[in-house]
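Each chain, letter by letter, is given below.
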Amino acid sequence: MCPGSFDPVTEGHLDIVRRARTLFDQVVVAVGVNVTKSALLPPTQRVEMFARATASMSGVRVVRMSGLLADLCRDEGASAIVKGLRGGADFDSEQPMALMNRHLSGVETVFITGDPGLSHISSSMVKDVAGHGGPIYDLVPEGVADAVYHALDINVPKEGVR
Ligand code: PNS
């Protein structure tokens, strides 16, 4: 189970899903709501974007998570929760969630270190750059950048078009 808010999905998220898929036969990407963040894109759009970005990957399924991750893990029969770490700050925010999810479901969280070449990428950084009219095309999968500019009401930067 690869859970996240994915607002929007980035190349960093795809890297973690690819790595998770080398460890597990089936990967379920759970697109959920993080109550500590206010989302830019609606959940259905986030699910669609992730599904399109992973369409060519076998054994990967994208679902919307509207309740507890622990309940979805039980419903899906998940053997592990997989999260990506870019550095220590990520671990600090992930550890309480991992402990709570283990408390609620007994399912362990496995942490994967992502590609260091992608460690500057986060959904919030992508939205910040896009919100200032900067180019985000090489930070997110095909089709995602325009949706982010549109949601932010930003004109597409000419130099970034691909
Ligand atoms: O990408 P994020 O924002 O770190 O993802 C957080 C997310 C959505 C995975 C987390 O908030 C979550 O699991 N939400 C579902 C509700 C839940 O189970 N909360 C308790 C355990 S954290």
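Residues numbered from 1 in each chain as written. Predicted model: local features only at pLDDT ≥ 70, side-chain atom pairs only at ≥ 80, totals over all residues. Heavy atoms only, no water.

For this particular structure, what's the right way to read the site of the ligand?
The ligand sits among 13 residues. The nearest are Ser-5, Asn-34, Lys-37, Leu-68 and Leu-69. The backbone of Leu-69 places a nitrogen or oxygen atom 2.9 Å from an oxygen atom of the ligand. Contact distances for the ligand include 3.4 Å between an oxygen atom and a side-chain N or O atom of Lys-83. Here the ligand loses 81% of its free accessible area of 520 Å² to cover by the protein chains. Elements supplying a minimum of two residues to the shell around the ligand: strand S1 (2-4) and helix H4 (88-105). Broken down by class, the residue content of the shell around the ligand amounts to six nonpolar, five polar and two charged. (Near = heavy atom within 4 Å. Polar contact = N/O pair within 3.5 Å; in protein donor to acceptor, adjacent residues only side chain to side chain. Areas by Shrake-Rupley, 256 points an atom, 1.4 Å probe, with all protein chains shown as cover. Helix = DSSP H or I, 4+ residues; strand = E, 2+ residues; numbered from the N terminus. Nonpolar A, V, L, I, M, F, W, Y, C, P; charged D, E, K, R; others polar.)

Explanation requested: the environment of Ala-145 in the structure shown.
Examined against the element boundaries, Ala-145 turns out to sit in helix H6 (residues 144-152). Here Ala-145 falls in the buried class, since its relative accessible area comes to 2%. Put simply, Ala-145 and Ala-130 are 15 residues apart on the chain and 8.2 Å apart in space, counted from C-alpha to C-alpha. When neighbours within four sequence positions are excluded, Ala-145 is seen to be in contact with Ile-136, Tyr-137 and Val-140. (Buried < 20%, exposed > 50% of the residue type's maximum accessible area, 1.4 Å probe, protein only. Contact = heavy atoms within 4.5 Å.)

Looking at this structure, I do not really get the packing of aromatic side chains. What am I missing?
Aromatic rings in a pair are described by how distant their centres are and how their planes are angled relative to each other. Inspection of every chain in the model, using the stated rule, returns three aromatic pairs. Ring centres of Phe-6 and Phe-50 lie 4.7 Å apart, and the angle between their planes is 80°; on these two criteria the pair is classed as edge-to-face. Within this pair, whereas Phe-6 is found in the loop between S1 and helix H1 (11-23), its partner Phe-50 is found in helix H2 (residues 43-53), the two being separated by 44 residues in sequence. Judged by relative accessible area, which is 7%, Phe-6 ranks as buried. With 5.7 Å between their ring centres and 70° between their planes, Phe-91 and Phe-111 make a pair best called edge-to-face. Of this pair, Phe-91 sits in helix H4 while Phe-111 is found in strand S5 (residues 109-113), placing the two residues 20 residues apart along the sequence. Judged by relative accessible area, which is 33%, Phe-91 ranks as partly exposed. (Phe/Tyr/Trp six-rings, centres within 6.5 Å; stacked < 30°, edge-to-face > 60°.)

Help me out: how do you make sense of the pairing of strand S2 (residues 27-31) in this one?
A regular strand places its side chains on the two faces of the sheet in alternate fashion. Within S2, five of the five residues are buried, which leaves the element mostly enclosed by the surrounding structure. Along S2, one buried face is formed by Val-27, Val-29 and Val-31 and the opposite face, lined by Val-28 and Ala-30, is buried too. Bridge count for S1 against S2 is three bridges, and the pairing is parallel. Across the sheet, the residue bridging to Pro-3 is Ala-30, located in S2. Assessed by its sense of winding, the connection that carries the chain from S1 through H1 to S2 is right-handed. (Pairing = 2+ DSSP bridges. Right-handed = clockwise from strand over helix to strand, strands pointing away.)

Quick question: what am I supposed to make of a nonpolar patch on the surface here?
On the surface, a nonpolar cluster with roughly 280 Å² of combined accessible area is contributed by Leu-68, Met-100 and Leu-104. Along the chain, Leu-68 falls in the loop between strand S3 (60-64) and helix H3 (69-76). (Patch = residues over 30% accessible without salt bridge, like charges linked within 9 Å, V, L, I, M, F, W, Y side chains within 5 Å. Salt bridge = Lys/Arg side-chain N within 4 Å of Asp/Glu carboxyl O.)

Help me understand the nonpolar core, please; the structure alone is not making it clear to me.
Across soluble globular proteins, you tend to see nonpolar side chains buried next to one another. Ranked by size, the top nonpolar core spans 31 residues in total, and within it Cys-2, Val-17, Val-27, Val-29, Phe-50 and Ile-136 carry the most contacts. Elements with a contribution of two residues or more to this core: H1, S2, H2, S3, helix H5 (123-131) and H6. The residues touching Cys-2, leaving out its near neighbours within four places in the chain, are Val-17, Ala-20, Val-27, Val-28, Val-29, Ala-30 and Val-82. Counting residues in hydrophobic clusters, the runner-up holds 11 residues, among them Ala-30, Leu-69, Leu-72 and Ile-81. (Core = buried A, V, L, I, M, F, W, Y, C linked by side-chain atoms within 4.5 Å.)

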